[in-house]
Amino acid sequence: MGLVSFEFAALLTVLLLVYYLLPVRHRWRVLLVGSYLFYLANSAGMTVFLLVTTVTTFCAGRRLGRINEETRNYLAASQGKGARKEYKQSQQRRKRRVVLAAVLCNIGLLVALKYTGFLFESANALLQAIGIGGRLPDIGWLLPLGISFYTLQAVGYVIDIYRGKYEPDQNLAQYMLFVSFFPQMIQGPISRHDQLAHQLYEGHVFDYRRVTTGAQLVLWGLIKKFVLAERLAVVANGVFDNYLNYAGLSMLIGAAVYGVQVYADFSGGMDLVGGIAQLFGIEITENFARPYFARSLEEFWRRWHITLGAWMRDYVFYPVSLSKTFARLGKRTKTYFGAQTGKRIPTFLAMFLTFLLVGVWHGAEWKYVAYGIWNASIISSSILLQPVYGRLADACHIKRESPLWRLICMVRTFCLVSLGRFFARGTSLHAALVMLKSAFTVWNPEVLTNGTFLFPIGLLLQDWLVILFMVLLLLAVGLWQERGICLREVIAGQRLPVRWAVYVAGVLLLVLFGMYGPDYEAASFVYQQF
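These lines cover the structure that appears in this document, whether it is placed above or below. The structure displayed is predicted, hence computed values, not measured ones.

Before going further, it helps to spend a moment on the overall build of the chain. What the chain contains, in helices and strands, is 19 helices and zero strands. Taking 2.2 N^0.38 as the reference for a compact globule, 530 residues should give roughly 24 Å; the C-alpha atoms of the chain span a radius of gyration of 25 Å, in line with that estimate. Projected onto its principal axes, the C-alpha positions of the chain cover 85 × 70 × 60 Å. Taken across its 530 residues, the chain has 50% of its residues classed as buried. Sequence separation of 24 or more characterises 76% of the internal contacts of the chain that already satisfy a separation of 6 or more. Just so you have it, the chain exposes about 26,400 Å², and 65% of that area is on carbon and sulfur atoms. Distance from the positive charge centre (51 side chains) to the negative charge centre (30 side chains) of the chain: 11 Å.

This brings us to a nonpolar patch on the surface. A cluster of nonpolar side chains, Leu 496, Trp 500, Val 504, Val 507, Leu 508, Val 511, Leu 512, Phe 513 and Tyr 516, forms an exposed patch at the surface whose accessible area comes to about 860 Å². Within the element layout of this structure, Trp 500 appears in helix H19 (residues 496-513). Given a relative accessible area of 47%, Trp 500 falls into the partly exposed group.

Looking along the chain, the bond that leaves Gly 188 and enters Pro 189 is cis, with omega of 10°. Examined against the element boundaries, Pro 189 turns out to sit in the loop between helix H6 (172-180) and helix H7 (193-202). Non-glycine residue Arg 290 carries a positive phi angle of around 50°. Looking at where Arg 290 falls in the secondary structure, it is placed in the loop between helix H9 (249-279) and helix H10 (297-303). One non-glycine residue, His 305, lies in the positive phi region at around 45°. For His 305, the location among the structural elements is in the loop between H10 and helix H11 (306-321). Overall, His 305 belongs to the buried group, its relative accessible area being 1%.

Below, the discussion takes up a positive patch on the surface. On the surface, Arg 93, Arg 96, Arg 97, Lys 324, Arg 328, Lys 331, Arg 332, Lys 334 and Lys 343 cluster together into a positively charged patch. It is helix H12 (residues 324-337) that provides the largest number of residues to the positive patch, a total of five residues. Tracing the chain through its elements places Arg 96 in helix H4 (residues 81-129). For Arg 96, a relative accessible area of 47% gives the class partly exposed.

With that settled, consider the side chain of His 193. Summarising the element assignment, His 193 is placed in helix H7. Overall, the relative accessible area of 9% leaves His 193 in the buried class. Beyond its immediate chain neighbours, meaning those up to four positions away, His 193 contacts Tyr 157, Tyr 166, Asp 169, Phe 178, His 198 and Tyr 201.

Among the secondary structure elements, Ser 418 is positioned in helix H15 (residues 403-425). Beyond its immediate stretch of four places on either side in the chain, Ser 418 contacts Ala 255 and Ala 256.

Considering all chains together, one arrives at 35 aromatic pairs under this definition. An angle of 55° between the planes, with centres 6.2 Å apart, marks the rings of Phe 38 and Phe 182 as tilted. You can see Phe 38 sitting in helix H2 (residues 27-43) and its partner Phe 182 sitting in the loop between H6 and H7, a full 144 residues away along the chain. Residue Phe 182 is classed as buried on the basis of its relative accessible area, which comes to 0%. Here the aromatic residues Tyr 263, Phe 266, Phe 288, Tyr 292, Phe 300, Trp 301, Trp 304, Phe 355, Tyr 371 and Phe 414 are joined through ring pairs into a cluster of three or more.

Our focus in this paragraph is the environment of Val 211. Inspection of the secondary structure assignment puts Val 211 in helix H8 (residues 208-240). Separated by 32 residues in sequence, Val 211 and Val 179 place their C-alpha atoms 24 Å apart. If near-sequence neighbours (up to four positions away) are discounted, Val 211 is found in contact with Tyr 20, Phe 206 and Leu 279.

Cut-off values and rules
- Residues numbered from 1 in each chain as written.
- Predicted model: local features only at pLDDT ≥ 70, side-chain atom pairs only at ≥ 80, totals over all residues.
- Heavy atoms only, no water.
- Helix = DSSP H or I, 4+ residues; strand = E, 2+ residues; numbered from the N terminus.
- Rg over C-alpha atoms; globule rule 2.2 N^0.38 Å.
- Buried < 20%, exposed > 50% of the residue type's maximum accessible area, 1.4 Å probe, protein only.
- Contact = heavy atoms within 4.5 Å.
- Areas by Shrake-Rupley, 256 points an atom, 1.4 Å probe, with all protein chains shown as cover.
- Lys, Arg positive; Asp, Glu negative; His and termini not counted.
- Charge placed at Lys NZ, Arg CZ, Asp CG, Glu CD.
- Patch = residues over 30% accessible without salt bridge, like charges linked within 9 Å, V, L, I, M, F, W, Y side chains within 5 Å.
- Salt bridge = Lys/Arg side-chain N within 4 Å of Asp/Glu carboxyl O.
- Phe/Tyr/Trp six-rings, centres within 6.5 Å; stacked < 30°, edge-to-face > 60°.

So yeah, pure geometry; function would need other evidence.
Encoded structure:
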């Protein structure tokens, strides 16, 4: 039961009716039942793993909450500084043990299910390369739906309680809803407890404007998915799945097209998820902020898959880069490499570790390791060379805030991101490297004019015209949003005939130009596989 199916539409309709008919205090129970019905319909045999994560992190949170309360009570009653300090250190050790147990249990479960096959395969390749006999078994386990998302969400909850950010949940059933909320189960976002949980638990009254804006967001997500992303998928799949049949400029076009496809697909999915949540009166965390308007790769990652980046920043990068071990490392590197370079080395090492984890979070393949290294390398080198870029810009009398220079920076960032797509989408690391080599060693601009690329790949002229229209529409909407203009609010402020003209135009765009039908199998959302 995907988010785009008649079965899901029926389930959603029933849930909405029951949700708004029940008393407000019971409405969270409708969401809980709906979430588990959705999960059972998609991954019934794997529900035990969802329950393990839910129960272990709930118990860890309760335990940490009790330790925090004990600490507060003792410190309020105790007068001696020495005793207070010793007690706080003792309690901190207890909390670390609880967090460590919860993290090892749940991250260990994710690693075991998602990466064991990859680790065994890599070990077998290494054993074969060094001439050692024996072979580890081939393992290919099915993954529970959403495990990469709900595991990080639940672990983040435990760490936040450890840090004293908020009090733990006391109701297991409500916490089950927080972990399993059905719209975000397939592809996120990775929500924070203090942002989402209270919205789920408190129940919401029917708000016509909120429901209509949610429906608009659902429609916009479906348009991005079925009108644009599905067409671009034909091109991207044609190039990446048959890369030996293409060369040179065709490779670069395929990578750029895949970048736009995955944006339309993933952000369209997020619009769909956000719109569904709004139908119930719930606002979920924004996961995209017009990433292709970014002027650097660093800024791109602050705008792309925001909740994953924020999770890695708060729970990996900052703890590692600010740790005592990295502080000692920084002192040593300053001694050997000088103050300026030495102080950056620990930060760059933490960045490489973070992006390595971002890469392998996407999948258990070496290409994702390379994807993480690529992003970390570009960002760290850009930071190191920033003074050089500044001097060059001053020497060339470049106005860095001019529209032309901003556009050049955005195009440059898009090109860097597109090169990284070879690793993200390539069928393997070897294929990605072959495609990269071909892209820069074969010069064949004639593929744009002789028809050998644009039409044999599976799209007609009208399809390319639809793609052009949709890309221009996305750019226009993005420009409005960059200026702080919410198009849905603008539409809502218009007269009734104007509003309905826009709604009908959107529905017609989806119905007439969407790629769907009885003989057409739409691809699943790209990030569903992660």
